[in-house]
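Geometric and topological summary
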Amino acid sequence: MTVSEQPKIRLSEVTRAFDGVRALDNVDLTLAHRQSLVLIGGSGSGKSLLLKCILGLVNPGSGAIEVDGVSTIGMSDSARMDWMKRFGVLFQRQGLFDSMLIWENVAFRLLNEGDLNRAEAREHAIARLGQVGLPPETADLYPSEVSGGMQKRVGLARAIATDPDILFLDEPTAGLDPIMSTIISELINERVDELAATVVSIVSDLAVVRNIADSVVMLHEGRVVWSGPIAELDETDNPYVRQFVTQSVEGPIEMPELAS
Ligand SMILES: Nc1ncnc2c1ncn2[C@@H]1O[C@H](COP(=O)(O)OP(=O)(O)OP(=O)(O)O)[C@@H](O)[C@H]1O
Ligand SMILES: [Mg+2]
C-alpha cells in the first residue's frame, strides 16, 4: 500500500463502556486524506466521545485507532504533545480560557511554541478572527464579553490558527444564524480544498451536513447504524437516517418522555 492510499484515520472495533454500559460499541470507521466526514446521531449517541477517543483524551476499552498508520492508543504523554500539534480542535463547549483575551485564546499555541512575538501573534489572531466574521475589536475583549455564537467562532478561529492537517469540530455551527452557518461551512470547505485538511465534524444542522460532508457516519447508542457518501443520505431507507433527515419524532431513535 502506498502512503497516499493509507487511510488518514482508521478505527477498528472501538469499544468503550462506562459502568458496564457501552457508550461506543464496535465502531469501525475509515477516513481518507482530504475528506470531510460528518458524524450525526441523537444526543448521547457517542459522537463527542468518539472524537475524544481518536484524540487519545479517552482510552477505548478495546479496539484499534490509527492516524496515518500510527496507533494512537497508549502513546506516551510527550509523544502525544507532539502529535496533537497536527490537530485543530473545537470542543463542544469551546474550552476558551476565561482569563485570557480573545486574541490570546486564538493565538494560544503560537504564543506557547514561541515562533512569533506577541505583536505578530496578535496580528495573526486578528486575521483568523476576520476569517470567522469577527472584527478586530473583538481581539481585546474577554470571552465572557461576547455572545455564545461569537465564542463559538473564536473557538473555530483557534482551531484553524496553525493550519492543522486534521480538524475535529464538535458542533461548529451550533447557535449560529443560518447565514453565519453558511459562511462557516464555506470556511471548513476551504480548509479541505485549499489546505488539504482532513476534517471530522459533528453537526446536527442538516443544511450544514449537506454543505460540508463528503461522507456521513450515523451513531445510535454507540453503534454505527449507517455510513455512506453524502449523496446517499437522501436515498437510503435506513430508518435511523430517515428519522434524522425528516426530523421526525417517530422512529427507532427514542426521545425521552417530557414531564407535563
Ligand atoms: N467521561 C465520561 N464518563 C461517563 N460517561 C461518559 C463520559 N463521556 C461520555 N459518557 C457517556 O457516553 C455517552 C455518549 O456521550 P457523548 O458525549 O459522546 O454524546 P454525544 O453524541 O456527543 O451527545 P450530544 O449530541 O448531546 O453532545 C453518554 O451516555 C455519556 O453520558
Ligand atoms: Mg457531544
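Just above sits the structure.
This write-up is about the structure you can find in this document. (Residues numbered from 1 in each chain as written. Chains lettered and ligands numbered in written order. Predicted model: local features only at pLDDT ≥ 70, side-chain atom pairs only at ≥ 80, totals over all residues.)

With respect to the sheet that holds strand E1 (residues 9–18)
The condition that has to hold: Pairing between two strands requires that DSSP report at least two bridges joining them. Starting at the N terminus, helices and strands are each numbered in turn, a helix being any DSSP run of H or I of at least four residues and a strand any DSSP run of E of at least two.
Here 4 strands make up an open sheet; going across it, the order is E2-E1-E4-E5 and the pairing antiparallel. Looking along the sheet, the strands with just one partner apiece sit at the ends: strand E2 (21–31) and strand E5 (70–71). Pairing geometry for E1 and strand E4 (residues 62–67), over 5 bridges, is antiparallel. When the bridges of E4 are listed, Arg10 appears paired with Glu66.

Let's talk about the pairing of strand E10 (residues 223–229)
Bridging between strand E9 (residues 215–220) and E10 involves 6 bridges; their strand directions are antiparallel. Directly across from Val216, in E10, lies its bridge partner Gly228. In sequence, E9 turns back onto E10 through a hairpin of 2 residues, with Glu221 there showing a positive phi of about 50°.

Thoughts on the environment of Gly95
Applicable threshold: Buried residues are those with 20 or more other C-beta atoms within 10 Å of their own C-beta, exposed residues have 12 or fewer, and partly exposed residues lie in between; C-beta atoms are placed from the backbone.
With respect to the helices and strands, the residue Gly95 is situated in the loop between strand E6 (87–90) and helix H3 (102–106). Residue classification places Gly95 among the exposed positions, given that 12 C-beta atoms sit within 10 Å. Sequence-wise, Gly95 and Ile73 are 22 residues apart; in three dimensions their C-alpha atoms are separated by 24 Å.

Considering the nonpolar core
Soluble globular proteins tend to bury their nonpolar side chains together. Formally: The nonpolar core criterion groups buried Ala, Val, Leu, Ile, Met, Phe, Trp, Tyr and Cys residues into a set whenever they are joined through C-beta atoms within 7 Å. Throughout, a residue-residue contact means that the two C-beta atoms, derived from backbone geometry, are no farther apart than 7 Å.
The biggest cluster of nonpolar side chains holds 67 residues, and the ones touching the most others in it are Val38, Leu39, Val106 and Met218. For this core, the leading source of residues is helix H6 (residues 148–160), giving 6 residues. The residues contacting Val38, other than those within four sequence positions of it, are Ser201, Val203, Val209, Ile212, Ala213 and Val216.

Topic: the pairing of E6
The side chains of a regular strand alternate between both faces of the sheet. Only one face of E6 is covered, namely the face carrying Gly88 and Leu90; the face carrying Phe87 and Val89 is uncovered. By the bridge criterion, 4 bridges tie E6 to strand E7 (residues 166–170) in an arrangement that is parallel. If you follow Phe87 over to E7, its bridge partner there is Ile166.

What to know about the environment of Arg158
Tracing the backbone through its elements, the reader meets Arg158 in helix H6. Look at Arg158 and you get buried, because 27 C-beta atoms sit within 10 Å. Considered as a pair, Arg158 and Ala107 are 51 residues apart in the sequence and their alpha carbons are 6.7 Å apart. What Arg158 contacts, discounting residues up to four positions off in sequence, is Asn105, Val106 and Phe108.

Some points on the site of ligand 1
For the record, the criterion: All residues are tested the same way: a C-beta atom is placed from the backbone, and lying within 6 Å of a molecule or strand makes the residue near it. Put simply, Ala, Val, Leu, Ile, Met, Phe, Trp, Tyr, Cys and Pro go in the nonpolar bin, Asp, Glu, Lys and Arg in the charged bin, and everything else, Gly too, in the polar bin.
Around ligand 1 sit Phe18, Ala23, Gly41, Ser43, Gly44, Ser45, Gly46, Lys47, Ser48, Leu49 and Gln92, and those are all the residues in its vicinity. In terms of residue count, the dominant contributor to the shell around ligand 1 is helix H1 (residues 47–55) (3 residues). Tallied by class, residues from the shell around ligand 1 come to 3 nonpolar, 7 polar and 1 charged.

Function cannot be read off these values alone, since they describe shape.
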